Amino acid sequence: MKTLEVAVVGSGPAGLYTAEALIKQAAALDPPVVIRVDVIDRLLTPYGLVRYGVAPDHKSIKSIADYLRTVLEHDAVRFIGGIHLGDDVTRADLLASYDAVVYATGAMRDRRLGIPGEDMPGSYAATDFVNWYCGHPDIDPAAFSLDAESVAVIGVGNVAVDVARILVKDPAQLRETDISEPVLAALEASKVREVHVIGRRGPAQAKFTTKELRELGELDGVDVVVGDGEHDLDAFDATGESSRLAQTDRHVRGNYTVISGWAARPPAGAARRLTVRFWLRPTEIQGAEKVTGLTLERTKLDADGVLTGTGAHETLPAQLVLRSVGYQSVPLPGLPFDERSSTVPNADGRVLDTAGRPLPGEYVAGWLKRGPTGVIGTNKSDAAQTVRSLLADLAGGPGPGDVQLPRAGLLRFPAAAAGGAAAGTAAAAESAAAGTAAAVTAATDPAAFRFHQLLADRGIRPVSYADWLRIEVAERELGAALGRGARVKLPSRGELHRHSGGPGPR
Ligand code: NAP
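Throughout what follows, the structure given in this document is the object of discussion.

### Re the overall build of the protein
- Within the protein, the regular secondary structure consists of 18 helices and 18 strands.
- Taking the principal axes of the C-alpha coordinates as reference, the protein spans close to 75 × 55 × 40 Å.
- Taken across its 506 residues, the protein has 54% of its residues classed as buried.
- Here the contacts in the protein between residues at least 6 apart in sequence split such that 73% fall between residues at least 24 apart.
- Split by element, the accessible area of the protein, about 20500 Å² in all, is 54% carbon and sulfur.
- Here the protein contributes 55 positively and 62 negatively charged side chains, and the mean placements of these two sets differ by 2 Å.

Quick look at the structure:
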């Protein structure tokens, strides 16, 4: 029986839920389809945003990695780390190797504010700060020294809540987390006393979820205050929509209850203060050589529900500005990309060309497919939809010898593809695959065999699941040696490489 061989690019939640859906849905087909999934990631480590996006103190969300691990450890799944689509392999390489490719590379770029001073030293994308405290290998562990006393966080979504919490939280409470030693040291030495979280609209329009918001008010040693009168639902909204939402929408009601509770609470004189501001939009980041403050303009919703500036400005002193206004996907080389929505054009996960036709064998899942919305679990149903499309195409895909694809379908399936691979150098491919959970052979995995051979021909040794497990062991040992929690993240790309037993940093 021919095995369906699929490459999934990206080992975050979207990629691993895709791998899981492929296994489950292929097994449920009548007759069942045997499947192999290679999960390819540019990093040496799996789990994407679960490892490098979820805040270290959100242990229950991070424990999703325990579930995703069971996907990675499935016999039909193989992790191929340290392979960058673009630098190491091309889209054409993947399409030539696998029956289908699912792109699930997420959204790793920050959205821009487009105001003067945005790129001044001291103004950062919140994504950089998140990467830093999560120990992402792309960010220098010394990137943030936190000598600012006042920090402005622009945006009122869950990322803003995360970065504000990490900034004001007692670092002693982070010792039990996996936060890396240099980051913990920087937080312990932090001079931050005041964090302002700033929304351009009101409490009823804020994006944060109530559970995450409530947590801010429960932090030891932190006063949470709301800008004077800014929790008022009618003062800045001529449409009356804010008040209506606070009565009819569960999410808004929950947030509003928390915010109005804070507004009624007198500050207790705590060492750190978190101020939540509404109806203010940033117009300029001030400073000569580095950030000294932020100019904000008072906003309101006019009778037509349009957000307008009132012309009233204020200056907020701040030495660090974190722009937390959402993520964006980046285009993948050669793949169609809609610059407006920053997503890959698709129909139920089938990648579409510029004429709106499905591209055979190419699919997309997660934030790259639908934009940076929802919680981690949202990616499960999203991935399941993409996989349904993929397997439906399998049924109507091309037969052996078909040149013209009858319609959107998989690339070769069910053609016997072993011939080309068998002509290759088995030793090269097999040594490239050394250390992977299951050996790659031309007989059992012709597609993966071809891919490994291609890497070997280019002198690239991928990071295997076994290599990743070595990193995990090193992180657990570090946690034990430091007397901290179950694990502590290795602090840099070099350390990750050293412990993986793989090649040096690239
Ligand atoms: P988000 O939820 O889309 O929030 C972005 C915020 O930026 C909004 O308040 C938005 O205001 C504001 N904004 C956008 N452009 C702006 C501008 N030019 N000037 C001022 N403000 C601007 O994005 P996010 O916080 O990055 O979160 C991304 C996704 O990850 C979300 O789905 C989130 O729930 C999820 N996430 C979840 C968790 C968790 O569950 N714990 C943690 C982190 C992230 P407007 O509404 O006015 O546009």
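The structure having been displayed, the exposition proceeds.
### Here's the deal with the site of the ligand
- In the vicinity of the ligand lie 22 residues, with Val156, Val159, Arg200, Arg201 and Gly374 positioned nearest.
- In the model, an oxygen atom of the ligand is placed 3.1 Å from a nitrogen or oxygen of the Asn158 side chain.
- Taking Val159, its main chain carries an N or O atom lying 3.1 Å from an oxygen atom of the ligand.
- Protein burial of the ligand: of its 920 Å² of free accessible surface, 84% is covered by the chains.
- It is helix α7 (residues 158–168) that contributes the most residues to the shell around the ligand, three residues altogether.
- Split into classes, the residues belonging to the shell around the ligand amount to nine nonpolar, seven polar and six charged.

### Some thoughts on the layout of surface pockets
- Estimated volume of the second largest pocket: approximately 460 Å³.
- As for the second largest pocket, its lining consists of 21 residues, of which Lys62, Ala65, Asp66, Asp178 and Arg487 are closest to the centre.
- Where the lining of the second largest pocket is concerned, the elements lending two or more residues are α2 (48–52), α3 (59–62), α4 (64–72) and α17 (465–481).
- Here the element with the most residues in the lining of the second largest pocket is α17; it accounts for four residues.
- For the lining of the second largest pocket, the residue count by class is six nonpolar, three polar and twelve charged.

### Structural notes on the side chain of Glu212
- Examined against the element boundaries, Glu212 turns out to sit in helix α9 (residues 210–216).
- An unpaired buried charge is present at Glu212: no salt bridge exists, and Lys211, the closest side chain of opposite charge, is 4.4 Å distant.
- A polar side-chain atom of Glu212 sits 2.5 Å from a polar atom in the side chain of Thr209.
- Each residue touching Glu212, except ones within four places of it in the same chain, is listed here: His58, Ile61, Asn158 and Val161.

### Comments concerning the environment of Ala355
- Inspection of the secondary structure puts Ala355 in the loop between β17 (350–352) and β18 (358–364).
- As for Ala355 and Gly135, which are separated by 220 residues in sequence, their C-alpha atoms are 41 Å apart.

### A look at the sheet that holds strand β9 (residues 222–226)
- Reading across the sheet, the six strands line up as β6-β14-β7-β8-β10-β9 and stay open at both edges, with parallel pairing between neighbours. Single-partner strands in this sheet number two, and they are β6 (123–125) and β9. Ignoring strand direction, the axes of neighbouring strands in this sheet form an average angle of 20°.
- Of the pairings in the sheet, the one linking strand β8 (residues 194–198) to strand β10 (residues 272–277) comprises five bridges and is parallel in character. Of the residues in β10, the one forming a bridge with Ile198 is Arg277.

### Quick notes on the environment of Phe451
- By the secondary structure assignment, Phe451 is in helix α16 (residues 446–457).
- On the accessibility criterion, Phe451 (0% relative accessible area) is buried.
- In this structure the C-alpha to C-alpha distance between Phe451 and Asp38, which are 413 residues apart in sequence, comes to 9.9 Å.
- With residues up to four places along the chain from it excluded, the contact list for Phe451 reads Ile40, Ile80, Ile83, Val89, Leu94, Ser97 and Tyr98.

### Focus on the packing of helix α10 (residues 241–248) against helix α11 (residues 250–263)
- Orientation of α10 relative to α11, taken along the N-to-C sense of each, is 100°, at an axis distance of 6 Å. Considering their axes alone, α10 and α11 lie roughly perpendicular with respect to each other. Residues Leu245, Ala246, Gln247 and Thr248 of α10 pack against Arg250, Val252, Arg253 and Tyr256 of α11.
- For the contact of α10 with α11, the class distribution of residues is four nonpolar, two polar and two charged.

### Side note on the side chain of Ser464
- Residue position: Ser464 is located in the loop between α16 and α17.
- Given the relative accessible area of 2%, Ser464 is considered buried.
- At a separation of 3.3 Å, a polar atom in the side chain of Ser464 contacts the main-chain amide nitrogen of Ala466.

### With respect to the sheet that holds strand β3 (residues 77–80)
- With mixed pairing, seven strands are arranged side by side in an open sheet as β3-β2-β1-β4-β18-β17-β16. Each of the sheet's edge strands pairs with one partner strand only, and the pair in question is β3 and β16 (346–347).
- Inspection of the sheet shows strand β1 (residues 4–9) paired to strand β2 (residues 35–40) by six bridges, in the parallel sense. Across the sheet, the residue bridging to Glu5 is Arg36, located in β2.

Scoring rules and cut-offs
Residues numbered from 1 in each chain as written. Predicted model: local features only at pLDDT ≥ 70, side-chain atom pairs only at ≥ 80, totals over all residues. Heavy atoms only, no water. Helix = DSSP H or I, 4+ residues; strand = E, 2+ residues; numbered from the N terminus. Buried < 20%, exposed > 50% of the residue type's maximum accessible area, 1.4 Å probe, protein only. Contact = heavy atoms within 4.5 Å. Areas by Shrake-Rupley, 256 points an atom, 1.4 Å probe, with all protein chains shown as cover. Lys, Arg positive; Asp, Glu negative; His and termini not counted. Charge placed at Lys NZ, Arg CZ, Asp CG, Glu CD. Near = heavy atom within 4 Å. Polar contact = N/O pair within 3.5 Å; in protein donor to acceptor, adjacent residues only side chain to side chain. Nonpolar A, V, L, I, M, F, W, Y, C, P; charged D, E, K, R; others polar. 1 Å grid on protein atoms, 1.4 Å probe; cavity = no way out; pocket = protein on both sides within 12 Å on 5 of 7 lines; lining within 4 Å. Points joined across faces, edges and corners; volume = space filled by probe spheres on them. Salt bridge = Lys/Arg side-chain N within 4 Å of Asp/Glu carboxyl O. Pairing = 2+ DSSP bridges. Axes fitted to C-alpha atoms, helices over the stretch in contact; angles between N-to-C directions. Parallel < 35°, antiparallel > 145°, perpendicular 65-115°, else oblique.

Take it as geometry only, folks, not as evidence of what the structure does.
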